[in-house]
Amino acid sequence: MSVRSFEIDGKAVTGLPEQTIFDVAWESGIHIPRLCHVGGVSNVGSCRLCMVEVEGRRKLQAACMTKVEEGMVVHTDSERLRKYRRLIVELLFAERNHVCAVCVMNGACELQDLASELGIDHVRLRYQFPVLKVDTSHERFGMDQNRCVLCMRCVRVCDEVEGAHTWDVAGRGSKSHVVSDLDEPWGESESCTGCGKCVQVCPTGALFAKGKSVAEMRKDRGFLKYIVTAREKHQWVR
Ligand code: FES
C-alpha cells in the first residue's frame, strides 16, 4: 500500500489511500470545521461544513468523504469556504429553535463553537420557529428535537458501535427528524440498551442526560477511541 504525498494549506503531508483529507488534516494538526463527522463511525457527508477546495476540481469537496490522492493541493480556508460555512450554520440556526441561553450544552456545544469561529453574531435568514417535540420518557436521558442538527451521529454510533440501531431518521426535507424504534417514545424503546453513547456523541444539546441544568452538560467522546481500536485489534476477545 503506497503512501500518498500531497499538500494541505501549503503543508506537505502524507496519507494512506484509504484515508480521507479530513483524517490526514486531523493527524497533521490542521483544523477543518465539521458537524456530522466523528471519528470511530462511518462518514455520511451530510453537514457539508468540511468542504475544501482542491486545485483542478471545480466543485468543492467534502474533506470527510474525499480520499487522498498523490499530488493533490488542498485549501481548507478561504473567503469562499468561509462564506459557505457561515451560510450552512445560519441555516441550521434558522431551521430549529437553538436558544443557547436555556440549553444544557451552552458553552460546550459544537454548533455554538462553529458560530463563534465563523464570527456569526446574527442570522440573516428568517427563523422558522417550528413546534417540535421534547421526549423525556427515558429514565436517564432526554431528546430535544429543537436542538437537533440531523448530523446522524446518534444513529451511526447506536448502529455501528452499540449494535442496537434504536435511532433512525423519519420524514423528508425539513420534516426529517430522528426517531427511536418505530417513532415511539424513547422510554418505551425495546432496542435501547441505555448505554448513553448517542448522548455523548451528539454535538448539541439535542440528546442530554437528565438532571443537568443550563450550561451544565459536558460530553465525552473518548470512549469511541477505545472501543473501536480494541475491536479492530481484537483486544477484548478471549
Ligand atoms: Fe464532512 Fe459533515 S463533516 S460533510
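Scroll up to find the structure this text is about.
Residues numbered from 1 in each chain as written. Predicted model: local features only at pLDDT ≥ 70, side-chain atom pairs only at ≥ 80, totals over all residues. Heavy atoms only, no water.

Here we look at the sheet that holds strand β4 (residues 61–62)
Link 1 in the chain: Reading across from one edge, β2-β1-β5-β3-β4 is the order of the five strands in this open sheet, with mixed pairing throughout. Each end of this open sheet is capped by a strand with a single partner; those strands are β2 (11–15) and β4.
Link 2 in the chain: Note that strand β3 (residues 51–54) and strand β5 (residues 73–75) share two bridges and pair antiparallel. When the bridges of β5 are listed, Glu-53 appears paired with His-75.
Link 3 in the chain: Sitting on the sheet, helix α2 (residues 79–95) is in contact with β3 and β5, with an inclination near 160 degrees to β3. (Pairing = 2+ DSSP bridges. Helix = DSSP H or I, 4+ residues; strand = E, 2+ residues; numbered from the N terminus. Contact = heavy atoms within 4.5 Å. Axes fitted to C-alpha atoms, helices over the stretch in contact; angles between N-to-C directions.)

A look at a nonpolar patch on the surface
Link 1 in the chain: Taken together, Val-99, Val-102 and Val-214 make up a surface patch of nonpolar side chains, about 240 Å² in accessible area.
Link 2 in the chain: Assignment of secondary structure puts Val-214 in the loop between β10 (207–209) and α6 (222–233).
Link 3 in the chain: Among the residues examined, Val-214 registers a relative accessible area of 40% and is labelled partly exposed. (Patch = residues over 30% accessible without salt bridge, like charges linked within 9 Å, V, L, I, M, F, W, Y side chains within 5 Å. Areas by Shrake-Rupley, 256 points an atom, 1.4 Å probe, with all protein chains shown as cover. Salt bridge = Lys/Arg side-chain N within 4 Å of Asp/Glu carboxyl O. Buried < 20%, exposed > 50% of the residue type's maximum accessible area, 1.4 Å probe, protein only.)

Quick look at the side chain of Arg-86
Link 1 in the chain: Tracing the chain through its elements places Arg-86 in helix α2.
Link 2 in the chain: With a relative accessible area of 17%, Arg-86 lands in the buried category.
Link 3 in the chain: Among the polar contacts made by the side chain of Arg-86, one reaches the main-chain carbonyl oxygen of Gly-119 at a distance of 3.5 Å.
Link 4 in the chain: Within the structure, Arg-86 has its side chain in polar contact with the backbone oxygen of His-122 (distance 3.5 Å).
Link 5 in the chain: Apart from residues lying up to four places away in sequence, Arg-86 is in contact with Leu-118, Gly-119, Ile-120, His-122 and Arg-124. (Polar contact = N/O pair within 3.5 Å; in protein donor to acceptor, adjacent residues only side chain to side chain.)

Some remarks on the packing of α2 against helix α3 (residues 110–117)
Link 1 in the chain: Running from N to C, α2 and α3 point in directions that differ by 135 degrees, and their axes come no closer than 10 Å. When the interaxial angle is binned, α2 and α3 end up oblique. Crossing hand, α2 versus α3: left-handed. In this structure, α2 contributes Val-89, Leu-92 and Phe-93 to the contact, and α3 contributes Leu-111, Leu-114 and Ala-115.
Link 2 in the chain: Here the contact of α2 with α3 is composed, by residue class, of six nonpolar, no polar and no charged. (Parallel < 35°, antiparallel > 145°, perpendicular 65-115°, else oblique. Left-handed = near helix turned anticlockwise from the far one by under 90°. Nonpolar A, V, L, I, M, F, W, Y, C, P; charged D, E, K, R; others polar.)

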